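Residue strings, one per chain:
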Amino acid sequence: MLKAFILFSAACLFAIGCYVMFKPDLSDLGFIPVVATNAETASEFRSLFAGSFIAYGYLLVRFTFSFNSISIAQTIAYIMSFIAFGRLVSFFYEGMNSFGLFVFFGEVFLVIVLIMAHRKRKNEIPYF
């Protein structure tokens, strides 16, 4: 029963995230009480809100079906990866700007550093 509730929550988060990320016009989101009136707001909303919701949905599904624990660095890397993907989608819909490009490279850099740190720590774990 708990697994069903977690999967239902994951499906809702994933659906809302995909709806916001891939909706061309964010000035009217229907059941979501937020209005993005300019390109900068739409870009941030598309990447941060939608990317985070998709990442949380993915992590809930992974938690439900995986018996292996996931590290904090991996969790943050997944969240940042989906936010960076949302930023790429926002470049398609709202166009590129210098702030968005700067933040995108920062997000990608953080993902790379977190993955490297996770691999380094994984190789240092004593198994005895």
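Everything here concerns the structure above.
Residues numbered from 1 in each chain as written. Predicted model: local features only at pLDDT ≥ 70, side-chain atom pairs only at ≥ 80, totals over all residues. Heavy atoms only, no water.

Caption draft 1: Representation of the nonpolar core. In terms of nonpolar packing, the biggest core is built from eleven residues, these being V20, M21, L26, L29, I32, A36, A42, F45, A50, I54 and V89. Secondary-structure elements contributing two or more residues to this core are α1 (2-22) and α2 (39-65). If you tally residues by element for this core, the top one is α2, at four residues. Among all residues touching I32, those that are not within four sequence positions of it are I16, Y19, V20, F45 and F49. In this structure, L59, I79, I83 and V111 belong to the second largest nonpolar core, which totals six residues. (Core = buried A, V, L, I, M, F, W, Y, C linked by side-chain atoms within 4.5 Å. Buried < 20%, exposed > 50% of the residue type's maximum accessible area, 1.4 Å probe, protein only. Helix = DSSP H or I, 4+ residues; strand = E, 2+ residues; numbered from the N terminus. Contact = heavy atoms within 4.5 Å.)

Caption draft 2: Examining the environment of T75 more closely. Turning to its location among the elements, T75 is positioned in helix α3 (residues 72-94). Along the primary structure T75 and G51 are separated by 24 residues, whereas in three dimensions their C-alpha atoms are 13 Å apart. Those residues within four positions of T75 in sequence are excluded, and the remaining contacts are L59 and I70.

Caption draft 3: Structural context of the pattern of salt bridges. Enumeration over the complete set of coordinates arrives at three salt bridges. In this structure, R46 and E94 form a salt bridge, with 2.8 Å as the shortest nitrogen-oxygen distance. Of this pair, R46 sits in helix α2 while E94 sits in helix α3, and the two are 48 residues apart along the sequence. Exposure remark for E94: the relative accessible area of 22% places this residue in the partly exposed category. In this structure, E107 engages R87 in a salt bridge whose closest nitrogen and oxygen atoms are separated by 3.1 Å. In this pair, E107 is assigned in helix α4 (residues 98-124) and R87 in helix α3, connecting sequence segments 20 residues apart. Using a relative accessible area of 5% as the deciding quantity, one classes E107 as buried. With a relative accessible area of 1%, R87 lands in the buried category. Residues joined in a network through salt bridges with shared partners are E44, R87 and E107. (Salt bridge = Lys/Arg side-chain N within 4 Å of Asp/Glu carboxyl O.)

Caption draft 4: Looking closely at the environment of R46. Judged by its relative accessible area of 0%, R46 is buried. Each C-alpha atom, one on R46 and one on L88, is 9.7 Å from the other, the two residues being 42 residues apart in sequence. Here K23 takes part through its backbone oxygen, which lies 2.8 Å from a polar atom of the side chain of R46. (Polar contact = N/O pair within 3.5 Å; in protein donor to acceptor, adjacent residues only side chain to side chain.)

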